[in-house]
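Secondary and tertiary structure notes
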Amino acid sequence: MAEKYKIITFGCQMNENDSEKISGMLAEMGYLESEDTDQCDVIVINTCSVRGNADDKFFGALGQLKQLKQTKPEAVICVCGCMMQQEVFRREIKEKYRFVDIIFGTHNITEFPELLNRYKASRKKLESVLEDTPDIPENVPVKRAFKHKAYVSIAFGCDNFCSYCIVPYTRGREKSRRPEDILKEVRCLAEDGCKEIMLLGQNVNSYDKGLDDKISFAELLGKVSDIAGIERVRFMTSHPKDLSDELIDVIAERDNICNSIHLPVQSGSDRILRLMNRHYTREHYISLVNKIRDRIPGVAISTDIIVGFPTETDEDFADTLDLVRKCAYDSAFTFIFSPRTGTKAALMEELPDEVIKPRFQALVDTLQEIIVSKSQIYADTIQEVIADGRSRSNDMMMSGRTKSNKLVNFSGDCSIGDTVNVRITEAKPYYLLGEMLHD
Ligand code: SAH
Ligand code: SF4
Ligand code: F3S
């Protein structure tokens, strides 16, 4: 009987894409994927280190595997991902979670099959983590969650060193994947029936770092959108300092490049933006948002905001609220500042909870008001939706996304991956309700 595996993934789309590759390699080795942890012979936890609560969730999940290892000592417990790039967490695992068998990092996931075979032959614990690497492995098998949509990584690492952020330390220096390799992967996906591509990078706008033949992200996006069968191209994340007019033009011109842009602002205060090392001002950001809205009809703009960065004053926070109103976001992720060991901001004095909590609530309330009102523009419209599956809240309904990435729950008979027209009957703040049109 084939051995079984399960991968538990924390963190961003980069990590999800890495897990799809680890899954692909395990499937190629003959393992079968299983949801049932107790049945598994190999368990991999792919970790994230971006905020403190990500660390806590990981240790919670890891603790639960202790029992499994006691009842089934031959099960192989593996931990990888961003936390494993940090010595402090590797040490913690080796000291307190001695049942972990294999540790590997973000730069050597393709080494995993060899590590697993070596471990099974010797039953000796293994640790293999690289500081960084200039290499980008190609032709890695990928077991994707969906047939109709896929992540395609275009750049790895980050050189921006925002003062709060751990990612440059866990993912290394920025490097771009060769355009021909990206286009080849997208062509293969399209031939296999994939219609939606999400291009991934920590900062897609600075794509071309390390390439011999320079090509801008906008050019690459155009080439991806030219591939027959690709109905939608999405991308993330865009750094506001690098978003070019050329990029805005290509999104505006091409029907199959989605009119949704994730543009993390982090703060609306120039003083805080400087301390964060973001390299733009609030004025630059607001005019960029206005330019995007002018040039791309119906564009949806989303953002990330950090509340309570060290030294943030009431005035700084008022600037954030003001910017949020001016930018009229379609959606937003809000975070409380979390000190990450090794970053510059972790050396600064943290603000007390009683200062941060009310600010966070005020930001959430302000965003809620804006998002509710923006959502209303969808009421009574007809939207093109690609069905992703059954609705999580009501399994009599299907669920999918508009081009602008708005979640739609709708009635009607269709299959996963179908592109359908949906009449929106009600606009709720965080999703739309509708009925599928049969023509
Ligand atoms: N590369 C992307 C985002 C990476 S992390 C970008 O540059 O926008 C995703 C989000 O997590 C960030 O945009 C930021 O808002 C948040 N984040 C990162 N580090 C954080 C920290 N130390 N505390 C709180 N939020 C953080
Ligand atoms: Fe982190 Fe900044 Fe890089 Fe984004 S751009 S990954 S926030 S350092
Ligand atoms: Fe987390 Fe690493 Fe992504 S720290 S957010 S999984 S790049």
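Residues numbered from 1 in each chain as written. Chains lettered and ligands numbered in written order. Predicted model: local features only at pLDDT ≥ 70, side-chain atom pairs only at ≥ 80, totals over all residues. Heavy atoms only, no water.

Regarding the overall build of the protein chain
For clarity, the cut-off: Think of it this way: any DSSP run of H or I at least four residues long counts as a helix, any run of E at least two long counts as a strand, and we number them from the N terminus. The globule rule used for comparison is 2.2 Å times the number of residues to the exponent 0.38, while the radius of gyration itself is calculated over C-alpha atoms. Each residue is assigned to one of three classes by its accessible area relative to the maximum for its type, calculated with a 1.4 Å probe on protein chains only: buried under 20%, partly exposed between the two thresholds, exposed over 50%. The contact rule is simple, with two residues in contact once any of their heavy atoms fall within 4.5 Å. In short, Shrake-Rupley with a 1.4 Å probe defines the accessible areas, and a residue's cover is counted only from the protein chains shown.
Per the secondary structure count, the protein chain includes 12 helices and 19 strands. Its C-alpha radius of gyration of 22 Å places the protein chain within 12% of the 22 Å reference for a compact globule of 439 residues. Looking at the 439 residues of the protein chain, the share that counts as buried comes to 54%. Nonlocal contacts in the protein chain, meaning residues at least 24 apart in sequence, comprise 74% of its contacts between residues at least 6 apart. Accessible surface for the protein chain amounts to roughly 20,000 Å². Of this, 49% is attributable to carbon and sulfur atoms.

Some remarks on the site of ligand 3
Rules: By convention in this text, a residue qualifies as near a molecule or strand provided that one of its non-hydrogen atoms is within 4 Å of it. Gly falls in the polar group here, along with every residue not listed as nonpolar (Ala, Val, Leu, Ile, Met, Phe, Trp, Tyr, Cys, Pro) or charged (Asp, Glu, Lys, Arg).
Taken together, Gly11, Cys12, Asn15, Cys48, Ser49, Val50, Cys82, Arg171 and Gln202 form the complete shell of residues around ligand 3. For the shell around ligand 3, the class distribution of residues is 4 nonpolar, 4 polar and 1 charged.

Points about the sheet that holds strand E5 (residues 102-104)
To be explicit about the condition: In this scheme, strands are said to pair when DSSP sees at least two bridges between them. For helices, the fitted line uses only the C-alpha atoms of the stretch in contact; every axis is such a line through C-alpha atoms, and the angle between N-to-C directions lies from 0 to 180 degrees.
Spatial strand order, E2-E1-E3-E4-E5-E6: 6 strands in an open sheet with parallel pairing. At either margin of the open sheet sits one strand with a lone partner, and together these are strand E2 (32-33) and strand E6 (126-128). Pairing of strand E3 (residues 42-47) with strand E4 (residues 76-81), which is carried by 6 bridges, proceeds in the parallel orientation. Note on E4: the bridge partner recorded for Val44 is Cys78. Across the sheet, helix H1 (residues 13-28) is in contact with strand E1 (4-9), E2, E3, E4 and E5; its angle to E1 comes to roughly 170°.

Overview of the side chain of Arg234
If you trace the backbone, Arg234 turns up in strand E11 (residues 232-236). Setting aside its immediate chain neighbours within four residues, Arg234 contacts Glu196, Ile197, Met198, Leu199, Cys258, Ser260, Arg401, Thr402, Lys403, Ser404 and Asn405.

Some points on the site of ligand 2
Residues in contact with ligand 2, as listed here, are Cys158, Asn160, Phe161, Cys162, Tyr164, Cys165, Val167, Pro168, Gln202, His239 and Arg278. Looking at the shell around ligand 2 residue by residue, the classes come out as 7 nonpolar, 3 polar and 1 charged.

Remarks on the sheet that holds strand E16 (residues 398-401)
Strand order in the closed barrel formed by 5 strands is E15-E16-E17-E19-E18, and the pairing between neighbours is mixed. When strand polarity is set aside, the average angle formed by the axes of neighbouring strands in this sheet is 50°. Pairing of E16 with strand E17 (residues 407-411) involves 4 bridges; the strand directions are antiparallel. If you follow Met398 over to E17, its bridge partner there is Phe410.

A closer look at the domain arrangement of the protein chain
For the record, the criterion: An automatic or database domain assignment supplies the start and end points of every domain. Summed over both partners, the accessible surface that disappears when two parts come together, traced with a 1.4 Å probe, is what is meant by buried area. For this document, the term salt bridge refers to a Lys or Arg side-chain nitrogen within 4 Å of an Asp or Glu carboxyl oxygen. Here a polar contact is recorded for every N or O atom pair within 3.5 Å, except that within protein the pair must consist of a potential hydrogen donor and a potential acceptor, and residues adjacent in sequence are included only if both atoms are side-chain atoms.
Partitioning the protein chain into structural domains gives domain 1 (4-128), domain 2 (146-257), domain 3 (259-376) and domain 4 (379-436). Distance from the C-alpha centre of domain 2 to the C-alpha centre of domain 4: 26 Å. On the domain 4 side, the residues contacting the 9 residues of domain 2 number 14 residues. The three residues of domain 2 that bury the most area against domain 4 are His148, Arg232 and Arg234, which together make up 57% of that side's buried surface. For Asp255, the salt bridge identified is with Lys403, shortest N-O distance 3.7 Å. For the pair domain 2 and domain 4, the interface holds 12 residue pairs in polar contact (both at pLDDT 80 or more). In terms of residue class, the side of domain 2 that touches domain 4 is made up of 1 nonpolar, 1 polar and 7 charged.

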